[in-house]
Amino acid sequence: SEGLLRDAISTAKKQGYVRPLPHLIDALIDALGGQQRVDEALAVYAEHEEILRTNRAVWQSSQASRGQLLLMSERFEEARSVFADAARDVESTGNKALLTHLYKMLRDVAKELNDFEGYVQYNEQYQHLKEEVHGAEAARRIEAQHKQQELATERAAREKERAILYGALPQHVADRLV
């Protein structure tokens, strides 16, 4: 997939298609990171940082990926700085799922650095957001179940009405009423 992504990036640049570039570059960085090719992934990031910045959502995601890459190369202080910067940026956009992930990563980095205060701070933020996100998901699932129950009740009532109409009237008349 790496070769295809590099080809797609090259083609997009040549053709002047700037919109897909941040997504393609982010995918390439993730592919390289997944293959444990951390230095190459960080080099791609550095080479294309300005392009990544053109799409805020991709930029935020790529910052999280960059932090992960720095962790993989045991550059904990740099990773903490990247995660903290990304968290500040994500806080302003309201992407709670990504923010939860960033707080978790900040907590884990603090643990690696034996930073007890940082660990406690980020763990509290992580736990709070995690509960909030999971609570919202649970509320959506419950609401969906209620809607399904309402629809099932309405269908049952309509079927009952149809049964009564077809039982009491000739079929061609009942067909017109239904």
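Before reading further, recall that the structure is shown in the block above.
All values derive from a computational prediction rather than experimental measurement.

**Observations regarding the overall build of the protein chain**
Point 1. Counting secondary structure elements, the protein chain contains 9 helices and 0 strands.
Point 2. Helices (α) and strands (β) of the protein chain occur, in sequence order from the N terminus, as α-α-α-α-α-α-α-α-α.
Point 3. Radius of gyration (C-alpha) of the protein chain: 26 Å, far over the 16 Å computed for a compact globule of 178 residues.
Point 4. The C-alpha extent of the protein chain, read off along each of the three principal axes, is 80 × 50 × 30 Å.
Point 5. Looking at the protein chain as a whole, 32% of its 178 residues are labelled buried.
Point 6. Considering only contacts within the protein chain whose residues lie at least 6 apart along the sequence, 48% involve residues at least 24 apart.
Point 7. Taken as two groups, the 24 positive and 29 negative side-chain charges of the protein chain have centres that lie 7 Å from each other.

**Brief notes about the packing of aromatic side chains**
Given two aromatic rings, one states the distance between the centres and the angle between the planes to describe the pair.
Point 1. Inspection of every chain in the model, using the stated rule, returns 2 aromatic pairs.
Point 2. Between Y45 and W59, the aromatic rings sit 6.1 Å apart at their centres with planes inclined by 25 degrees, giving stacked as the arrangement. A residue pair is termed long-range when its members are at least 10 positions apart, and Y45 in helix α3 (residues 38-47) and W59 in helix α5 (residues 56-72) qualify at 14 residues.

**Description of the environment of L42**
Point 1. Along the chain, L42 turns up in helix α3.
Point 2. Residues L42 and A139 lie 97 residues apart in sequence; the distance between their C-alpha atoms is 40 Å.
Point 3. Look past the residues within four positions of L42 in its chain and what remains in contact with it is R66, L69, L70 and R75.

**Points about the pattern of salt bridges**
Point 1. In total, this model carries 16 salt bridges according to the counting rule given.
Point 2. The closest approach of N and O atoms between R75 and E78, which form a salt bridge, is 2.9 Å.
Point 3. E78 sits in the partly exposed class, given a relative accessible area of 37%.
Point 4. Of the charged contacts, one joins E154 and R158 as a salt bridge, the two residues approaching to 3.4 Å between their closest N and O atoms. With E154 and R158 both in helix α8 (residues 116-168) and 4 residues apart, this pair spans about one turn of that helix.

**Thoughts on the packing of α5 against helix α7 (residues 96-112)**
Point 1. Running from amino to carboxyl end, α5 crosses α7 at an angle of 20 degrees, the nearest separation of the two axes being 11 Å. In terms of axis orientation, α5 runs roughly parallel to α7. For the pair α5 and α7, the crossing hand works out as left-handed. Seen from α5, the contacting residues are Q60, S61, A64, Q68 and L71; seen from α7, they are L98, H101, L102, M105 and V109.
Point 2. Residues that form the contact of α5 with α7 fall into these classes: 6 nonpolar, 4 polar and no charged.

Rules and cut-offs
Residues numbered from 1 in each chain as written. Predicted model: local features only at pLDDT ≥ 70, side-chain atom pairs only at ≥ 80, totals over all residues. Heavy atoms only, no water. Helix = DSSP H or I, 4+ residues; strand = E, 2+ residues; numbered from the N terminus. Rg over C-alpha atoms; globule rule 2.2 N^0.38 Å. Buried < 20%, exposed > 50% of the residue type's maximum accessible area, 1.4 Å probe, protein only. Contact = heavy atoms within 4.5 Å. Lys, Arg positive; Asp, Glu negative; His and termini not counted. Charge placed at Lys NZ, Arg CZ, Asp CG, Glu CD. Phe/Tyr/Trp six-rings, centres within 6.5 Å; stacked < 30°, edge-to-face > 60°. Salt bridge = Lys/Arg side-chain N within 4 Å of Asp/Glu carboxyl O. Axes fitted to C-alpha atoms, helices over the stretch in contact; angles between N-to-C directions. Parallel < 35°, antiparallel > 145°, perpendicular 65-115°, else oblique. Left-handed = near helix turned anticlockwise from the far one by under 90°. Nonpolar A, V, L, I, M, F, W, Y, C, P; charged D, E, K, R; others polar.

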